[in-house]
Amino acid sequence: MALFGNGAARRVLWSRAHAGRRCLQTAQAQAQAQALALAEGIRRGDRACLARGITLVESTRADHRRQARELVTLCMQVERPRALRIGLTGTPGVGKSTFIEALGMQLVGRGHRVAVLAVDPSSARSGGSILGDKTRMQELSCSPSAFVRPSPSRGTLGGVAQSTLDSIVLAEAGGYDVCLVETVGVGQSETMVAGMVDMFVLLVQPASGDELQGVKRGIMELADLLVVTKADALQLPAKLTRSELASSLRLLLPRRSFWSPKCIRASAVTKFNLDRVWSTILFYFEKLQESGEWDAMRAGQRQKWMWQQVSHLLLERLRCHQETQSFAQSLEQSVLSGSLPSGVAAEQIVDRFLLDN
């Protein structure tokens, strides 16, 4: 009887394991089918499908992540003309959203399809985001040829979110030939976006003091185009700012072999020089195409973002690893008391995590 009972138990366990595998396979098949349907909707230009797709790649749920990977892979296989990826940043109050809406409406009027991916800062205390960029771009948001999507930064440094590059891939698969990425815009650290776009535009407010810091390394040396905003209301300060920025640019080494950064005054309210801004952007992309560096640039972006994601995923898994967390908590008191240096504790935590895995 004992032997029969043990055999029955084994059969029950085997049956449950087999049922579990079938459920997992069914779930994976359903996820693949849903990703395929979503990718097809995005390819058709369905904005609702694109919005759901971006929500999926932004999700932190494990099942959503698997589905998101499938979706991004499918969207990368969609054959489209190469879209123009343009990053825009600037300090708060410079008028990023106003400028993007004015430029976007101009591009829509010329027959372009424009996607705006705006990254909003997340609260360090509550983790929430206002996501008000769509409200500030009411006219562009209502255009059938435009797609405006605000996303939370969730504490990611560099002015963008962890999913921004995947969102760009989805937008391009949806047929948007111009992708404008608006960063958080909190100062000199907005540099990560430069690693996922083809052109980096820095917006500067007249008489804001930025021109006096133009020789600083950091965001200035990454800019391909500088735009002095609000040139309608602050005409003289805008002229002075443009002149001083142009002088500062001469002290910086261009990051492109085929391009020297330009500085232009413009106004989103009166549309002053918006045509010139866009013609300069097009001229930049002509030079980029002629240089033969575009493919290598995109490849480098994918490689850089891969390692960025590796760092993010490793840190996330370390935080979720119970044994490592227990070990880390045992070291915290020593760090708090000052008997153990923070760097030494960090090294021990990482070594323990790698040993357990």
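Residues numbered from 1 in each chain as written. Predicted model: local features only at pLDDT ≥ 70, side-chain atom pairs only at ≥ 80, totals over all residues. Heavy atoms only, no water.

> Could you give an account of helix 9 (residues 235-249), naming the residues involved and the relevant values?
For helix 9, spanning 15 residues, the distance from its first C-alpha to its last is 21 Å, which sits close to the expected 21 Å at 1.5 Å a residue. Within the span of helix 9, buried status applies to Ala 238, Thr 241, Leu 245, Ala 246, Ser 248 and Leu 249. The arc that holds every buried residue of helix 9, seen down its axis, measures 155°, which confines them to one face. Buried positions along helix 9 lie against strand 5 (199-204), helix 8 (219-222), strand 6 (225-228) and strand 7 (262-265). (Helix = DSSP H or I, 4+ residues; strand = E, 2+ residues; numbered from the N terminus. Expected span 1.5 Å × (residues − 1). Buried < 20%, exposed > 50% of the residue type's maximum accessible area, 1.4 Å probe, protein only. Arc of directions from axis to C-beta. Contact = heavy atoms within 4.5 Å.)

> Account for the sheet that holds strand 7, naming residues and giving values.
Taken together, the 7 strands give an open sheet; going across it, the order is 3-2-4-1-5-6-7, and neighbouring strands pair in parallel fashion. One side of each edge strand has no neighbouring strand; the edge strands of this open sheet are strand 3 (146-152) and strand 7. Sheet twist, expressed as the mean angle between neighbouring strand axes with direction ignored, is 20°. Along the sheet, helix 9 makes contact with strand 5, strand 6 and strand 7, crossing strand 7 at roughly 180°. (Pairing = 2+ DSSP bridges. Axes fitted to C-alpha atoms, helices over the stretch in contact; angles between N-to-C directions.)

> Which residues make up the packing of helix 2 (residues 47-58) against helix 7 (residues 164-173), and what values do they have?
Viewed as axis vectors pointing N to C, helix 2 and helix 7 meet at an angle of 160°, and their least axial separation amounts to 10 Å. Between helix 2 and helix 7, the crossing angle belongs to the class labelled roughly antiparallel. For the crossing formed where helix 2 meets helix 7, the hand is right-handed. Counted together, Leu 50, Gly 53, Ile 54 and Val 57 of helix 2 and Asp 166, Ser 167, Leu 170 and Ala 171 of helix 7 form the full contact between these two elements. Residues belonging to the contact of helix 2 with helix 7 are distributed by class as follows: 5 nonpolar, 2 polar and 1 charged. (Parallel < 35°, antiparallel > 145°, perpendicular 65-115°, else oblique. Left-handed = near helix turned anticlockwise from the far one by under 90°. Nonpolar A, V, L, I, M, F, W, Y, C, P; charged D, E, K, R; others polar.)

> Summarise the pairing of strand 6; cite the residues concerned and give the values.
In strand 6, alternate side chains face the same way, and those of Leu 225 and Val 227 on one face and Leu 226 and Val 228 on the other are all buried. In terms of strand pairing, strand 5 meets strand 6 through 4 bridges, oriented parallel. What sits directly across from Leu 203, in strand 6, is Val 227. On the question of chirality, the crossover connecting strand 6 to the parallel strand 7 by way of helix 9 is right-handed. (Right-handed = clockwise from strand over helix to strand, strands pointing away.)

> Just give me the short version of the packing of aromatic side chains, but keep the residues and values in it.
For the coordinates displayed, the defined rule picks out 6 aromatic pairs. Three or more aromatic residues joined by ring pairs form one cluster here, namely Phe 258, Trp 259, Phe 283, Tyr 284, Phe 285 and Trp 294. The ring of Tyr 176 has Arg 113 sitting right over it, with the charged end atom 4.2 Å from the ring centre. The ring of Trp 259 carries Lys 262 above its face, with NZ or CZ at 4.1 Å from the centroid. (Phe/Tyr/Trp six-rings, centres within 6.5 Å; stacked < 30°, edge-to-face > 60°. Lys NZ or Arg CZ within 6 Å of the ring centre and 35° of its normal.)

> Provide a residue-level description of the confidence of the model for the protein, including the pertinent values.
Of all residues in the protein, 80% attain a pLDDT of 70 or more, and the chain-wide mean is 83. No element of the protein has a lower mean pLDDT than helix 5 (residues 133-136), at 68, and none a higher one than helix 10 (residues 274-291), at 96. (pLDDT = per-residue confidence, 0-100.)

> Could you give an account of the pairing of strand 4 (residues 178-182), naming the residues involved and the relevant values?
Burial analysis of strand 4 places 5 of its 5 residues in the buried class, the great majority of the element. Residues Val 178, Leu 180 and Glu 182 line one face of strand 4 and the alternating positions Cys 179 and Val 181 line the opposite face, and both faces are buried. Bridge count for strand 1 (residues 84-90) against strand 4 is 5 bridges, and the pairing is parallel. Bridge assignment links Ile 86 to a residue of strand 4, and that residue is Leu 180.

> Quick rundown of the nonpolar core? Include the residues and the values.
The biggest cluster of nonpolar side chains holds 47 residues, and the ones touching the most others in it are Ile 42, Leu 71, Cys 75, Leu 170 and Leu 226. In terms of residues, this core owes the most to one element, helix 7, which gives 6 residues. Sequence-distant contacts of Ile 42, defined by excluding residues within four places in its chain, comprise Cys 49, Leu 50, Leu 71, Cys 75, Leu 170, Ala 173 and Gly 174. Ranked by size, the runner-up nonpolar core spans 37 residues in total, among them Leu 107, Met 137, Ala 268 and Trp 278. (Core = buried A, V, L, I, M, F, W, Y, C linked by side-chain atoms within 4.5 Å.)

> Quick rundown of the pattern of salt bridges? Include the residues and the values.
Overall, the coordinates contain 10 salt bridges when judged by the stated rule. Its salt-bridge partner being Glu 58, residue Arg 149 comes within 3.1 Å of it at the nearest N-O pair. Linking Arg 149 in strand 3 with Glu 58 in helix 2, this pair joins segments that are 91 residues apart in sequence. Exposure class is identical for Arg 149 and Glu 58. Each is buried. Arg 85 is the salt-bridge partner of Glu 172, the closest N and O atoms lying 2.7 Å from each other. Linking Glu 172 in helix 7 with Arg 85 in strand 1, this pair joins segments that are 87 residues apart in sequence. Both residues of the pair, Glu 172 and Arg 85, belong to the buried class. Among the ionic contacts, a cluster of salt bridges with common partners joins Asp 224, Arg 255 and Arg 256. (Salt bridge = Lys/Arg side-chain N within 4 Å of Asp/Glu carboxyl O.)

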